[in-house]
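Okay, here's what each chain looks like letter by letter:
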Amino acid sequence: MTRLSSATLASLPAAVRRPGYDRSKLQPGIVHLGLGAFTRAHLCEFTDDALEQEFAAWGITGASLQRPDQRDRLKPQDGLYTFLKRAPAGPELRVIGSVLDVLVAPESPQALVARLAAPETKIVSLTVTEKGYCHDPATGKLRGDHPDIVHDLANPAAPRSAIGLIVAGLAARKVAGLGPFTALCCDNLPSNGHVLAGLVRDFAALRDDTLAAWIEANGAFPSTMVDRIVPATTEADIAEVARLLGLDDAAPVIGEPFRQWAVEDVFAAGRPRWDVVGAQMVSEVAPFEFMKLRMLNGAHSSLAYLGYLAGHETVAAASGDPVFARFLQGLWSEIIPTVPAPQGVDLKTYAGDLLARFQNPAIRHRTWQIAMDGSQKLPQRLLGTIRERLKTGAPIEHLALGVAAWMAYVTGTDEKGEPIDVRDPLAGEFAIRAKALGRDAVALSTALFGIGAIFGDDLPREPRFTRAVAGHLDSLFRKGAKATAATLG
């Protein structure tokens, strides 16, 4: 079958939406670090929509920080790819055209730094997941001993971390007499712009105090809140897209119709007209970000661990189980009192909307995918909420079960005795503890509480928390996830 490309766009079925602007005249203005599926279903679609409203030089150069796979899929397609939206009423397809090029950092970090330093680059956005920031999630501080940071300090012209690349690009711009680009974090980190600004300045100070001062005085690091469910693309998805397009597409993305993007409107050198196509440009993104992290992401993680343990492959299947649907309602009842509602938002209505999105049968969002990198996610998604509830003496049973389910998951063995492919920076450490302590819930939970990068030094000293988690973990080992969740009503 013929491949999707600029030359074959005209052959697409009439129902497939295609770029509504002259793509041949599009110039680069954004570099995005970490061109994964989420970005291509979110930032790139927002940018495509903005280009249709006001055509300008906002083409996107993607950058893969580890592997060439994305470049190899997109280059033969001239950067084009299909976004398949899965709605209960049926699929909707559009071809996204905002990606102009993809660089592979390990092949030539110098080429990527040069692109960051180019005068036409106005925005450097990034989605590198929590672990890509080389920081301590519990404190938000740069880890000076992180291997990538150590490498980048020793090799400033050939960095491999996102932080090292951003600083290298800014340093080159300073030398060239250019202003800075806007660094736009689109990852699920609390106060992500402030965190990124601190990490960049800390790293820059390790290189050159005057560079750090220049970034402090001139840089722009708006915080953002992003939201859209984007499952990993499967071979079946690729086959479906080919059937619907009549063309092969090696790089389609799948997502739900819903999308949300709140962005602090602080940019150093302009931005696309994202505001006219649905993005919320705000003076403070924290209320939206906080609501999403605790209510959506906290529920997603808890459901992923419980659902996986219970044998549910997808979020829709897990949340469609009446026991876990009731668990989610109980979990939100514990979370909502800790969340200041953003202007115009009713949190109970928001929770109902979340449940409907989770239960969308057209979206196959794998519980295993959401369960990845839990050591990086738990501090933001669940543990902050637990700390607040403990201070007020409020119940934490549902939240504690989410933590216990994570502990059961990272032992690496499911309820049927089958191995779990645990993907986490600390997976090796978890495996050592699980092997030594087996299914002794008190001993295992105590050992995991001892990982300060996750739990800090305060939570392990909170007996109401540690007893609740250990009790739930024991029940998970003895009775399983569904029976344990059912005990909470």
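Conventions adopted
Residues numbered from 1 in each chain as written. Predicted model: local features only at pLDDT ≥ 70, side-chain atom pairs only at ≥ 80, totals over all residues. Heavy atoms only, no water. Helix = DSSP H or I, 4+ residues; strand = E, 2+ residues; numbered from the N terminus. Rg over C-alpha atoms; globule rule 2.2 N^0.38 Å. Buried < 20%, exposed > 50% of the residue type's maximum accessible area, 1.4 Å probe, protein only. Contact = heavy atoms within 4.5 Å. Areas by Shrake-Rupley, 256 points an atom, 1.4 Å probe, with all protein chains shown as cover. Lys, Arg positive; Asp, Glu negative; His and termini not counted. Charge placed at Lys NZ, Arg CZ, Asp CG, Glu CD. Core = buried A, V, L, I, M, F, W, Y, C linked by side-chain atoms within 4.5 Å. Salt bridge = Lys/Arg side-chain N within 4 Å of Asp/Glu carboxyl O. Pairing = 2+ DSSP bridges. Axes fitted to C-alpha atoms, helices over the stretch in contact; angles between N-to-C directions. Phe/Tyr/Trp six-rings, centres within 6.5 Å; stacked < 30°, edge-to-face > 60°. Polar contact = N/O pair within 3.5 Å; in protein donor to acceptor, adjacent residues only side chain to side chain.

Below, the discussion takes up the overall build of the protein chain. For the protein chain, the count of helices and strands is 21 helices and 13 strands. Against the globule reference of 23 Å for 489 residues, the protein chain gives a C-alpha radius of gyration of 23 Å, in line with a compact fold. Referenced to the eigenvectors of the C-alpha coordinate spread, the extents of the protein chain come out at roughly 60 × 55 × 45 Å. Expressed as a percentage of its 489 residues, the buried residues of the protein chain come to 57%. Counting only contacts in the protein chain whose residues sit at least 6 apart along the sequence, the fraction spanning at least 24 positions is 78%. Total accessible area on the protein chain is roughly 18800 Å²; 52% of this is exposed by carbon and sulfur atoms. When the 51 positive and 54 negative side-chain charges of the protein chain are each reduced to one mean point, those points stand 2 Å apart.

Time to look at the nonpolar core. Counting 68 residues, the largest nonpolar core has Met-295, Trp-332, Trp-406, Phe-455 and Phe-465 as its most contacted members. Examining the composition of this core, we find that 11 residues originate from one element, helix 16 (residues 397–410), more than from any other. Not counting residues up to four positions away in its chain, the partners in contact with Met-295 are Trp-332, Ile-335, Ile-336, Val-339, Leu-347, Tyr-350, Ala-351 and Leu-354. Formed by 40 residues, the second largest nonpolar core is a distinct cluster that contains Val-113, Leu-165, Leu-170 and Phe-203.

What follows is about the pattern of salt bridges. One pass over the full model with this rule turns up 31 salt bridges. Between Arg-94 and Glu-45 there is a salt bridge; the shortest N-O distance is 3.1 Å. Here the residue Arg-94 occupies a position in strand 4 (residues 90–96), and Glu-45 occupies one in helix 2 (residues 43–53), the gap between them amounting to 49 residues. Relative accessible area serves as the criterion here: at 4%, Arg-94 is assigned to the buried category. The exposure class assigned to Glu-45 is buried, which follows from its relative accessible area of 1%. When salt bridges that share partners are traced, they join Arg-17, Glu-45, Asp-48, Asp-49, Glu-52, Lys-85, Arg-94, Arg-228 and Arg-259 into one network.

Judged by which residues are buried, strand 6 (residues 123–126) turns out to be covered on both faces: Ile-123 and Ser-125 on one side and Val-124 and Leu-126 on the other are all buried. Alignment of strand 1 (residues 28–33) against strand 6, held across four bridges, turns out to be parallel. Counterpart to His-32 in the pairing with strand 6 is Ser-125. The pairing of strand 6 with strand 9 (residues 182–185) spans four bridges and is parallel. Considered in strand 9, the bridge of Leu-126 is made with Cys-185.

Structurally, Glu-334 can be placed in helix 12 (residues 322–335). Look at Glu-334 and you get buried, because its relative accessible area is 5%. Along the sequence, Glu-334 and Pro-13 sit 321 residues apart, while their C-alpha atoms lie 48 Å from each other. Contact partners of Glu-334, with chain neighbours within four places excluded, come to Arg-389, Pro-395, Ile-396, Glu-397, His-398 and Leu-399.

With that settled, the discussion passes to the sheet that holds strand 12 (residues 260–264). Taken in spatial order, the three strands of this open sheet run 10-12-13, and their pairing is mixed. Both edges of this open sheet fall to strand 10 (224–227) and strand 13 (280–282), since each of them pairs with a single strand only. Across the sheet, the mean angle separating the axes of adjacent strands is 15 degrees when strand polarity is ignored. The strands touched by helix 10 (residues 286–309) are strand 10, strand 12 and strand 13; relative to strand 10, the strand with the most contacts, the crossing angle is about 40 degrees.

Looking now at the packing of aromatic side chains. Summed over all chains, the structure comprises 12 aromatic pairs. Measuring from centroid to centroid gives 4.7 Å for Trp-261 and Trp-274, while their planes differ by 55 degrees, and the two rings are tilted. Within this pair, whereas Trp-261 is found in strand 12, its partner Trp-274 is found in the loop between strand 12 and strand 13, the two being separated by 13 residues in sequence. No difference in accessibility class separates Trp-261 from Trp-274, as the two residues are buried. Ring centres of Phe-449 and Phe-455 lie 5.2 Å apart, and the angle between their planes is 85 degrees; on these two criteria the pair is classed as edge-to-face. Like Phe-455, Phe-449 is buried. Taken together, Trp-406, Phe-430, Phe-449, Phe-455 and Phe-465 form an aromatic cluster joined through their ring pairs.

What follows covers the side chain of Asp-187. Summarising the element assignment, Asp-187 is placed in the loop between strand 9 and helix 7 (192–207). Arg-381 is the oppositely charged side chain nearest to the buried, salt-bridge-free Asp-187, at an N-O distance of 8.5 Å. At 3.1 Å, the side chain of Asp-187 and the backbone nitrogen of Thr-129 are in polar contact.

The backbone of Asp-78 sits at a positive phi, close to 60 degrees, despite the residue not being glycine. Mapped onto the elements, Asp-78 comes out in the loop between helix 3 (69–74) and strand 3 (81–87). Positive phi, close to 50 degrees, is recorded for Ser-191, a residue that is not glycine. Along the chain, Ser-191 turns up in the loop between strand 9 and helix 7.

Another aspect to go through is the environment of Ile-215. For Ile-215, the position within the fold is in helix 8 (residues 209–218). Classification of Ile-215 as buried rests on a relative accessible area of 2%. Spatially, the C-alpha atoms of Ile-215 and Gly-179 are 9.6 Å apart, while their sequence positions differ by 36 residues. When near neighbours in sequence (up to four residues on either side) are disregarded, Ile-215 contacts Leu-170, Val-200, Arg-201, Ala-204 and Phe-221.

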